[in-house]
Amino acid sequence: MKFKFVFPLLVLALTWSCSCGKNSGGGGDNPIDPENDLTQFTYSPTTKTLKQLQGYPQMLIPDDNPITEEGVKLGRMLFFDPILSVDSSMACVSCHLPEGGFTDNQRFSRGVQGGFGTRSSMPIQNVGYNRRGLFWDGRSETLEDQALLPVEDEVELHEDWENVEEKFRRHADYPRLFREAFGIETKTAITKDLAAKAIAQFERTMIVGENSEYYEAEVLQLPGRFLSDEAHNGLIMFQEEGASGLPDAQCFHCHVPPLFTDFDFKNNGLDSALTLQDFDDYGRGAISGFDIDNGKFSTPTLWNIALTAPYMHDGRFETLEEVLDHYASAGHGSPSRDPLMNDIALTDEQKADIIAFLHTLTDTTFLKNPDFNSPF
Amino acid sequence: MKNLLFLFAAALVIFTTSCGNDEGSLELNFVNTYEGEPIVLGDAYQFNDNVNIQFDKIRYFVANVQLMDGGTATELVDVDYLNFEDSATPDLASAGKTLIINDIEAKSYDGIEMNIGLTQTQNDSKREDVPAASPLNDGNYWAPWESYIFITLEMRADLDNDDIFEHNLVYHMGGNQAIRTKSFSKEVDVMDGKTTTLNFELDIKDVLIQNGQEFDIFNITAVHTDKDIMEELADKVQAAFKLN
């Protein structure tokens, strides 16, 4: 008796689930409006394998955003396209210029309506290796999250994502590119999240360093490639802690080779503060909510550092000489100043040697690579 | 038909009984303390009558964590990185860091052991060969050492009781000579369908003052490359690491 009752129910459930499956495919009983339909374009994504440089860690790729040729192509277009801004005047690249080591070389970046932020644009090379949080304060945990924020920031692109999505849908090329990258079947399926995924994929391909003087001479040890004596002395002071009779400049504790950052948050003594509440910009503390994090900011990479002036989260130092002077002085005292900030006795010549070494981290081949320049 | 249904039900019961009922979970909790009190980053702790210290960073690797049963080892954790950066409030400091291991054969084990630091194989692995999701990538690899930093202790000291912690202490331990294994002989009961908690404690006062002997924080402000001092500190960490 019970079986007789249960069996028809099972048949009904099966029938219902099958019919649901058909609808979710976008066809069947509800044909797609031809204006909205993208299925005439082929979805056949090609997996893109990232370069694995010697000595570099493997990059962590989220399972829900594998890197494809089509995704990177779309992400590159979005990165360079002012369509993301309210008046079509600015794009991601406006603050992250290839020739500036993917910074804008301004103390504070100017937004679409002339406003200025309170922090300098960050170099974003090798950003795919960052596991600690994006922006100077680490407010975004992933590149996908990060890519969403500047669009609606009123001192950046000051646009509304709903408008941007509509602009994508009306665009001559983007619907097809979204289809090719993510397999969506309709224009209405274009979302900000897919745009952010594409930008993140593009950014993960921005792997820098292999064509630098340092990498060729010290990591690959290519025949005939040597650092100058000055740069070599600089390297010793940068990382070898008192070896060869040279002083330990203690740089590499935070700027750990080969990424030349540990992506950690530190107070490097930029401002005096008697208490943890005395900082004008709380930095990491404003995100974590911990007072001990006040005054801490993300450690940036030093790749292409010679091209990314001005320096620090607020661009207060115009030259590498000023930066070296700051670190040699241990900076200003405050309760969260990093214990690695100590007086370092460096002569002007030694500072110049360290700067000579920093110049060996310039990789202009990367910066001029068409893959990382405008597709338009 | 009835017989068939009965047989199916019986098989199901036997199958689920044999598969699911002899495994339990372990919760390994790690807390840093100073004289038994959970360490809150940025708070002051008394080193001696004249000196107070504050902690800025406490981080370390644990590796090859295994339960022992006679001579047989059951591996629980290959490697994990314990970063206590959020021990910024008393509650979070007391909570410490927890590793949860499921699907362990339920029985009584007679001990647990682990490395504080990495195994030589882990430490010697080329960076590009380490899987992206490995906790090794959460720590720092120092190329000039050809080693990860196993243990990071960074502190500030107030040497003259003026509430200004201006004396920096940066102790980093790494290199294969700094590997330390800690074994605990203790009955650990992993129970069917239940979670057993083990509480590990690293009392850093016992690292800095061991057997009444103060570590020379006045003159040894940084430990990175001096292997003798690094080994001395690694020994002290090993001794101060307890299972409660």
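Because the structure is a prediction, the values reported are computed rather than measured.

Chemist: Explain the environment of A:Ala172 to me, and be specific about the residues and the numbers.
Modeler: With respect to the helices, strands and loops of the structure, A:Ala172 is situated in the loop between helix 4 (161–170) and helix 5 (174–182). When the C-alpha atoms of A:Ala172 and A:Thr68 are compared, they prove to be 22 Å apart, with 104 residues separating the residues in sequence.

Chemist: Tell me about the pairing of strand 5 (residues 72–83) of chain B, residues and numbers included.
Modeler: Residue and element names in this part refer to chain B. As judged from the ten bridges shared by strand 4 (residues 52–69) and strand 5, these two strands associate in the antiparallel manner. Counted as the bridge partner of Met68 is Ala73 from strand 5. Linking strand 4 to strand 5, which pair antiparallel, is a turn of two residues; within it Gly70 sits at a positive phi near 65°.

Chemist: Residues and numbers for the nonpolar core, please.
Modeler: Counting residues in each nonpolar core, the largest one holds 169 residues, and the members touching the most others are A:Phe168, A:Phe178, B:Phe30, B:Ile53 and B:Tyr171. When near neighbours in sequence (up to four residues on either side) are disregarded, A:Phe178 contacts A:Leu74, A:Leu78, A:Phe168, A:Gly183, A:Ile184, A:Ile190, A:Thr191, A:Leu194 and A:Ala195.

Chemist: Go over the side chain of A:Lys197, please, and point to the residues and values.
Modeler: Residue and element names in this part refer to chain A. Structurally, the position occupied by Lys197 is in helix 6 (residues 192–204). At 4.3 Å, Asp64 is the nearest oppositely charged side chain to Lys197, a buried residue that forms no salt bridge. Apart from the residues within four sequence positions on either side, Lys197 is in contact with Asp64, Asn65, Glu144 and Phe182.

Chemist: Requested: an account of the interface of chain B and chain A, with residues and values cited.
Modeler: With 36 residues of chain B at the interface, the matching set in chain A holds 33 residues. Here chain B and chain A share an interface that buries about 2,500 Å² over both sides, 53% of which is from carbon and sulfur atoms. Of all residues in chain B, B:Glu128, B:Ala132 and B:Asn168 bury the most surface against chain A, accounting for 21% of the area lost on that side. Our enumeration of links across chain B and chain A arrives at three salt bridges. Notably, a salt bridge pairs B:Arg59 with A:Asp264, separated by 2.7 Å at the nearest N-O pair. Taken together, the connections running from chain B to chain A amount to 14 residue pairs in polar contact (both at pLDDT 80 or more).

Chemist: An account of unusual backbone geometry is needed here, citing residue identities and associated values.
Modeler: Residues and elements named next belong to chain A. Here the residue pair Pro257 and Pro258 is connected by a cis peptide bond, since its omega of 5° sits within 30 degrees of zero. Of note, the bond from Ala309 into Pro310 is cis; its omega dihedral lies within 30 degrees of zero at 0°. Looking at the secondary structure, you find Pro310 in the loop between strand 2 (297–298) and helix 10 (320–328). In this model, Asn126 sits at a positive phi of 60°, which is unusual for a non-glycine residue. Looking at where Asn126 falls in the secondary structure, it is placed in the loop between helix 2 (69–80) and helix 3 (143–152). Backbone geometry at Met312 places phi at a positive 85°, although glycine is not the residue there. Within the fold, Met312 resides in the loop between strand 2 and helix 10. A relative accessible area of 14% means that Met312 is categorised as buried.

Chemist: Kindly report on empty space enclosed by the protein, identifying the contributing residues and their values.
Modeler: Residue and element names in this part refer to chain A. What the rule picks out here adds up to two cavities of 30 Å³ or more. As a volume, the largest cavity reaches approximately 690 Å³. Around the largest cavity, the lining comprises 39 residues; the ones closest to its centre are His255, Asn268, Met312, Val323 and Tyr327. Of all the secondary-structure elements, those providing two or more residues to the lining of the largest cavity are strand 2, helix 10 and helix 11 (348–359). The leading source of residues in the lining of the largest cavity is helix 10, at five residues. For the second largest cavity, the full set of lining residues is Asn267, Asn268, Gly269, Leu270, Asp271, Phe279, Asp281, Gly295, Phe297 and His313. Partitioning the lining of the second largest cavity into residue classes produces three nonpolar, five polar and two charged.

Chemist: Give me the lowdown on the packing of aromatic side chains, citing residues and values where you can.
Modeler: Aromatic rings considered in pairs are described by the distance between their centres and by the relative angle of their planes. In the structure shown here, the tally under the stated rule is 36 aromatic pairs over all chains. Seen from their ring centres, A:Phe252 and B:Trp142 are 4.6 Å apart, and the 45° between their planes marks the pair as tilted. Pair noted here: A:Phe252 is in the loop between helix 8 (229–239) and strand 1 (265–266) and B:Trp142 is in strand 8 (residues 141–142), and the two residues belong to different chains. Side by side, A:Phe252 and B:Trp142 carry an identical accessibility label, which is buried. Measuring from centroid to centroid gives 6.4 Å for B:Tyr60 and B:Phe241, while their planes differ by 85°, and the two rings are edge-to-face. In this pair, B:Tyr60 sits in strand 4 while B:Phe241 sits in strand 16 (residues 241–243), placing the two residues 181 residues apart along the sequence. Classification of B:Tyr60 as buried rests on a relative accessible area of 2%. Feature note: the residues A:Phe79, A:Phe80, A:Phe102, A:Phe202, A:Phe366 and A:Phe372 constitute an aromatic cluster, connected by ring pairs. A cation over an aromatic ring shows up here: A:Arg139 above the ring of A:Phe135, its NZ or CZ 4.2 Å from the ring centre. Against the face of A:Phe265 rests A:Arg284, its NZ or CZ located 4.4 Å from the ring centre.

Chemist: Any details on the layout of surface pockets? Residues and values, ideally.
Modeler: Taken as a whole, the largest pocket spans an internal volume of roughly 970 Å³. Lining the largest pocket we find 46 residues, and of these A:Arg131, A:Arg132, B:Asn137, B:Asp138 and B:Gly139 sit closest to its centre. Secondary-structure elements contributing two or more residues to the lining of the largest pocket are strand 4, strand 5, strand 8 and strand 9 (147–158) of chain B. When residues of the lining of the largest pocket are assigned to their parent elements, the largest contribution, four residues, is made by strand 5 of chain B. In terms of residue class, the lining of the largest pocket is made up of 18 nonpolar, twelve polar and 16 charged. As a volume, the second largest pocket reaches approximately 790 Å³. For the second largest pocket, the lining is made up of 45 residues, of which A:His96, A:Met122, A:Phe135, A:Gln146 and A:Glu156 are closest to its centre. Residue assignment for the lining of the second largest pocket shows that the elements contributing at least two residues are helix 3 and helix 6 of chain A. Per-class residue counts for the lining of the second largest pocket are 23 nonpolar, 16 polar and six charged.

Thresholds applied
Residues numbered from 1 in each chain as written. Chains lettered and ligands numbered in written order. Predicted model: local features only at pLDDT ≥ 70, side-chain atom pairs only at ≥ 80, totals over all residues. Heavy atoms only, no water. Helix = DSSP H or I, 4+ residues; strand = E, 2+ residues; numbered from the N terminus. Pairing = 2+ DSSP bridges. Core = buried A, V, L, I, M, F, W, Y, C linked by side-chain atoms within 4.5 Å. Buried < 20%, exposed > 50% of the residue type's maximum accessible area, 1.4 Å probe, protein only. Contact = heavy atoms within 4.5 Å. Lys, Arg positive; Asp, Glu negative; His and termini not counted. Salt bridge = Lys/Arg side-chain N within 4 Å of Asp/Glu carboxyl O. Buried area = accessible area lost by both parts, 1.4 Å probe. Polar contact = N/O pair within 3.5 Å; in protein donor to acceptor, adjacent residues only side chain to side chain. 1 Å grid on protein atoms, 1.4 Å probe; cavity = no way out; pocket = protein on both sides within 12 Å on 5 of 7 lines; lining within 4 Å. Points joined across faces, edges and corners; volume = space filled by probe spheres on them. Nonpolar A, V, L, I, M, F, W, Y, C, P; charged D, E, K, R; others polar. Phe/Tyr/Trp six-rings, centres within 6.5 Å; stacked < 30°, edge-to-face > 60°. Lys NZ or Arg CZ within 6 Å of the ring centre and 35° of its normal.

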